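Structural overview for review
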Amino acid sequence: MTNVGAKSELLNVLSDVKARVQDKLGIVDFPMPQFILIGKQSVGKSRLIEALAGETFNFISGTLGSRRPTVLEFRHAAGNTTSKWFVRDPTTNQWNEHLVSEVMRIVGKRHEELGETVSSQAIYVRIESQGCLDMQIVDLPGFRDFAQSQSKQDLAAKIEELDMTFMRDKRNVMLCVEQAGDAATMSSLQKCRSVDPKFERTVLIRNKLDKYYRDLTAENVNQWVKGHGDLPEGLKTFALTLPFWQEGIDPPKPFQDLRQDMNNTDLNEMKSKGLSGKYMDSIGFSNFAQFVEKKVEAMFGEAIMPVMANLKEMRDRTAKEEDGLTTELSDTDPQRILSTTRDCGVSFAMALTHVMEGVLDLEPVMNLEDELKRFHGHHQALGSTHFSALPSDDFGGLTDYIDYLRTEMQPPLATFDVEVNGGAQFRRLMNEVEIFLRFSEIAVETKKRDVIQARGVAMSSLTWRDVVVKLLSNEAHLPLQRRIRYVGERIRWFFELQKACTLEFMDKLEGTPSQNLYSPLYPKHAKLIKQNAMIRSLVFNTYDAACKRQYNQFVDLFDNMLTSIFSNPWVFLKGATSAVEEDEEKQLEDEVLPSFDDTKERIPREIESRMSTETTITRWLSEIPTEANLVDEAVDRVQMLVLRTYSFIRSQVCDQVELFSESFFKMPMMRRLEEDMANMELSEEDRQAYAVRRERLSGEITKAQANLIEVDACISRIQGFQLKVNSQPLQKRVA
């Protein structure tokens, strides 16, 4: 087997690239093709690995067998007089050389620590020897057909699912090991068929051929090799015998000599049985090894372009990372640290305006149901009790309220199920809180005693108007007040939710057609906010503090307004003036700039044309009897008037809730936010944290630069190989 271990320059190049990527960059998942070894327990998988390695070893995995993948990298090292064994440390991803006995102990320990479970985290072992092929093979736990206890059955099911995960990966070529028996009973091969129906990446190895020498004759040997019709035509198959000797004693010969003896015996026996020459290349380990070498070279040849693309992507990503880290190091200079933080905050405040104006394809988004559930979940976690969580006690819970908004509300909320953010979400929020407010009712029934008590006596005569004001001021404003706090909390939570949207808007602008429409500092400042936890914390804390301050001002202003309203509701309920004439179309057509005389005529007409709410209430007040013997009728009328007056006030407040929200919360919040960000200050603790961050940045930049050098070296190595191949004469390349 003279070609075993022969290494083409292509394999040398890609193996070196892979070694640099894994060893120096610590990247485990690299798009290199590999073989995976599958089969049932005790079919000879371990001995096949030893044959490929060119020496014996025994991975001790306990009574339960292997329970995680073992990735074996075989490196042909012609100059090595002895084999070298390495195990990759799972924490540092660095290769450490060990004696083979220590490698066996480490591997066994990694299996045994799993108990009766499995793990997809592989053990990585490298062997450098003059007797191995250049290849990578993943030894998977063997399938278990029989398990007596339930725990063993569960373990068998977990192993099968683990193996199938590797088998579904189209980059993996499956080496399926079966005993050289009836092809119709090969269960592992059937599993390969389920993920590779055409057997395009499946190779069948029929082991222990020597056990069937006596059953083969000139009449059946060719049919036996073909599986008596049970093996598909396109399936690549090999039949072989691997070295074996009596258990408990040392091999009678060097392992490589035994391997060659078994190969020669297989070839001679099958030839003596009259096997056709066209099938002889599927017999023996040497033919299998030559196939593997050619397959490896073909696989690596196909992989060179994906590897190159992956390296270029890695270089771009690493260069971008280095640039971002260098920028952050420069911007967090002690002399610039405060101004950098403030600049990031000001950009964030400016970007919020654009988000509120509406930006397409911005995440995160949510529909009204998710929004309400998350809002309620947030305040349940906080234990909030200072506002009404539901618009009415008649709702059984949040689900009832959501169902009402979705199915019963007329006209329906058209945006209920639409996932939005920013200004569109705020507009929908305004619709929801207006509905919420309109459920407000006087919580306490006005009793006869309350009406009589409120009238009392005074130096001047008390009117029924004064009685109504007293009753309204006593309890009526509390339900509306608690619902106003709900409105404030909803708006505050909405703005706090926009942090993620705003940051994404700033970050995703880079490289888009919209980039030139906004500040060029947005992407730069977004990277700083994302990468630097201190900047992010200061900006977000300042933003949240602004939301809290504006909430408090909103509640205070609304409370003051409600106090004024219920102290003198008659002023608040004066109707709006209107100058609309009967023929509105005519008015629009004939409208001209008014003269001074027109203005003097308009003013008394507008005052007189006020809506009739105040007149109606005054009339109702005059109808309340004052005679002592009619007190019951008076009480009924006062109770009715309190309810009617409250409904007028509620309607006015609900009609204007969006205006109040804009005036008391949104506008002052957005106008003052830039100022808040520009006035941020750093504490001494923040400055110390920045100093620690700068030290870490220096190390990360050094590492990124070293990674960039390694990636560039890998790209240059592959490009150099491609240039060398392309410069050769065509005849030589073909040869």
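Residues numbered from 1 in each chain as written. Predicted model: local features only at pLDDT ≥ 70, side-chain atom pairs only at ≥ 80, totals over all residues. Heavy atoms only, no water.

Okay, the pattern of salt bridges next. Summed over all chains, the structure comprises 34 salt bridges. Between Asp139 and Lys45 there is a salt bridge, with the nearest N and O atoms lying 3.3 Å from each other. Highlighted residues: Asp139 in strand E6 (residues 135–139) and Lys45 in helix H2 (residues 45–53), separated in sequence by 94 residues. Residue Asp139 is classed as buried on the basis of its relative accessible area, which comes to 12%. (Salt bridge = Lys/Arg side-chain N within 4 Å of Asp/Glu carboxyl O. Helix = DSSP H or I, 4+ residues; strand = E, 2+ residues; numbered from the N terminus. Buried < 20%, exposed > 50% of the residue type's maximum accessible area, 1.4 Å probe, protein only.)

Let's shift gears to the side chain of Asn367. When you line up the elements, Asn367 lands in the loop between helix H9 (337–357) and helix H10 (368–382). A distance of 3.2 Å separates a polar side-chain atom of Asn367 from the backbone nitrogen of Glu369. (Polar contact = N/O pair within 3.5 Å; in protein donor to acceptor, adjacent residues only side chain to side chain.)

With 4 bridges connecting them, strand E3 (residues 84–88) and strand E4 (residues 95–98) associate as antiparallel partners. Pairing of Trp85 across the sheet is with His98, part of E4. With antiparallel pairing between neighbouring strands as the criterion, E3 and E4 make up a hairpin whose turn holds 6 residues, including Asn93 at a positive phi of roughly 60°. (Pairing = 2+ DSSP bridges.)

Below, the discussion takes up the packing of H9 against helix H16 (residues 533–567). H16 packs onto H9 with a crossing angle of 50° between their chain directions and a minimal axis gap of 10 Å. Compared by their axis directions, H9 and H16 come out oblique. For the pair H9 and H16, the sense of crossing is right-handed. Packed against H9, whose contacting residues are Thr340, Thr341, Cys344, Gly345, Phe348 and Leu352, the element H16 presents Ile535, Leu538, Val539, Phe540 and Tyr543 at the interface. (Axes fitted to C-alpha atoms, helices over the stretch in contact; angles between N-to-C directions. Parallel < 35°, antiparallel > 145°, perpendicular 65-115°, else oblique. Left-handed = near helix turned anticlockwise from the far one by under 90°. Contact = heavy atoms within 4.5 Å.)

On to the environment of Asp196. Here Asp196 lies in the loop between helix H5 (187–195) and strand E8 (202–207). When the C-alpha atoms of Asp196 and Met174 are compared, they prove to be 9.4 Å apart, with 22 residues separating the residues in sequence.

Overall, the coordinates contain 29 aromatic pairs when judged by the stated rule. Taken together, a centroid distance of 6.0 Å and an interplanar angle of 55° make the contact between Phe285 and Phe288 tilted. A residue pair is termed a helical-turn pair when its members lie 3 or 4 positions apart in one helix, as Phe285 and Phe288 do in helix H8 (residues 285–331) at 3 residues. Between Phe395 and Tyr401 the ring centres are 5.6 Å apart and the planes differ by 65°, which places this aromatic pair in the edge-to-face class. Among the residues examined, Phe395 registers a relative accessible area of 14% and is labelled buried. Through a chain of ring-to-ring contacts, three or more aromatic side chains come together here, namely Phe375, Phe387, Phe395, Tyr401, Tyr404, Phe436, Phe439, Tyr486 and Trp493. Against the face of Tyr124 rests Arg88, its NZ or CZ located 3.6 Å from the ring centre. Stacked on the ring of Trp224, the Lys or Arg Arg206 has its end atom at 4.1 Å from the ring centre. (Phe/Tyr/Trp six-rings, centres within 6.5 Å; stacked < 30°, edge-to-face > 60°. Lys NZ or Arg CZ within 6 Å of the ring centre and 35° of its normal.)

On to the sheet that holds E8, then. Spatially, E4-E3-E5-E2-E6-E1-E7-E8-E9 is the arrangement adopted by the 9 strands of the open sheet, whose pairing is mixed. Two strands close off the open sheet at either side, each with one partner strand: E4 and strand E9 (236–239). Between one strand axis and the next, the sheet turns by 25° as a mean value, whatever way the strands run. With 6 bridges connecting them, strand E7 (residues 172–179) and E8 associate as parallel partners.

A cluster of acidic residues, Asp361, Glu363, Asp370 and Glu419, forms a negative patch on the protein surface. Here Asp361 is to be found in the loop between H9 and H10. The exposed category is assigned to Asp361, whose relative accessible area is 67%. (Patch = residues over 30% accessible without salt bridge, like charges linked within 9 Å, V, L, I, M, F, W, Y side chains within 5 Å. Areas by Shrake-Rupley, 256 points an atom, 1.4 Å probe, with all protein chains shown as cover. Lys, Arg positive; Asp, Glu negative; His and termini not counted. Charge placed at Lys NZ, Arg CZ, Asp CG, Glu CD.)

Below, the discussion takes up the packing of helix H15 (residues 521–531) against H16. Packing of H15 against H16 brings their axes to within 5 Å, and their N-to-C directions diverge by 100°. Comparing the axis directions of H15 and H16 gives the class roughly perpendicular. Of the residues in H16, those touching H15 at Leu528, Ile529, Lys530 and Gln531 are Ala533, Ile535, Arg536 and Phe540.

Right, let's get into the confidence of the model for the protein chain. Summing up the model confidence of the protein chain, the mean pLDDT is 83 and the portion of residues at 70 or higher is 87%. Ranking the elements of the protein chain by mean pLDDT puts helix H24 (residues 730–734) last with 45 and H10 first with 95. Considering only residues more than four positions removed or in separate chains, one finds that residues 1–8, a stretch of pLDDT under 50, has 22 contacts. Low confidence marks residues 578–586, where pLDDT is under 50. Its contacts with residues over four positions away, or in another chain, come to 6 contacts. (pLDDT = per-residue confidence, 0-100.)

The next subject is the environment of Tyr486. Tracing the sequence through the fold places Tyr486 in helix H14 (residues 464–508). Ignoring sequence-local partners within four residues, the contact set of Tyr486 consists of Leu372, Phe375, Phe387, Ser388, Ala389, Tyr401, Glu432, Val433 and Phe436. At a separation of 2.9 Å, a polar atom in the side chain of Tyr486 contacts the side chain of Glu432.

Moving on, we get to unusual backbone geometry. Residues Glu363 and Pro364 are joined by a peptide bond in cis, for which omega reads -5°. Take Pro364: it is sitting in the loop between H9 and H10. Following Gln410, the chain continues into Pro411 via a peptide bond in cis, with omega recorded as -5°. Along the polypeptide, Pro411 turns up in the loop between helix H11 (398–408) and helix H12 (422–438). Positive phi outside glycine occurs at Phe199, with the angle close to 55°. Examined against the element boundaries, Phe199 turns out to sit in the loop between H5 and E8. Of the residues examined, Phe199 reaches a relative accessible area of 4% and is grouped as buried. Phi angles above zero are rare outside glycine, and Lys208 is one such case at about 60°.

On to the pairing of strand E1 (residues 34–38). Extensive coverage of E1 is indicated by the burial of 5 of its 5 residues. The side-chain alternation of E1 yields two buried faces, one formed by Gln34, Ile36 and Ile38 and the other by Phe35 and Leu37. Pairing between E1 and E7: 5 bridges, direction parallel. Among the inter-strand pairings, Ile36 is bridged to a residue of E7, identified as Met174. Sheet topology note: the E1/E6 ladder contains 3 bridges and is parallel. What sits directly across from Phe35, in E6, is Ile137.

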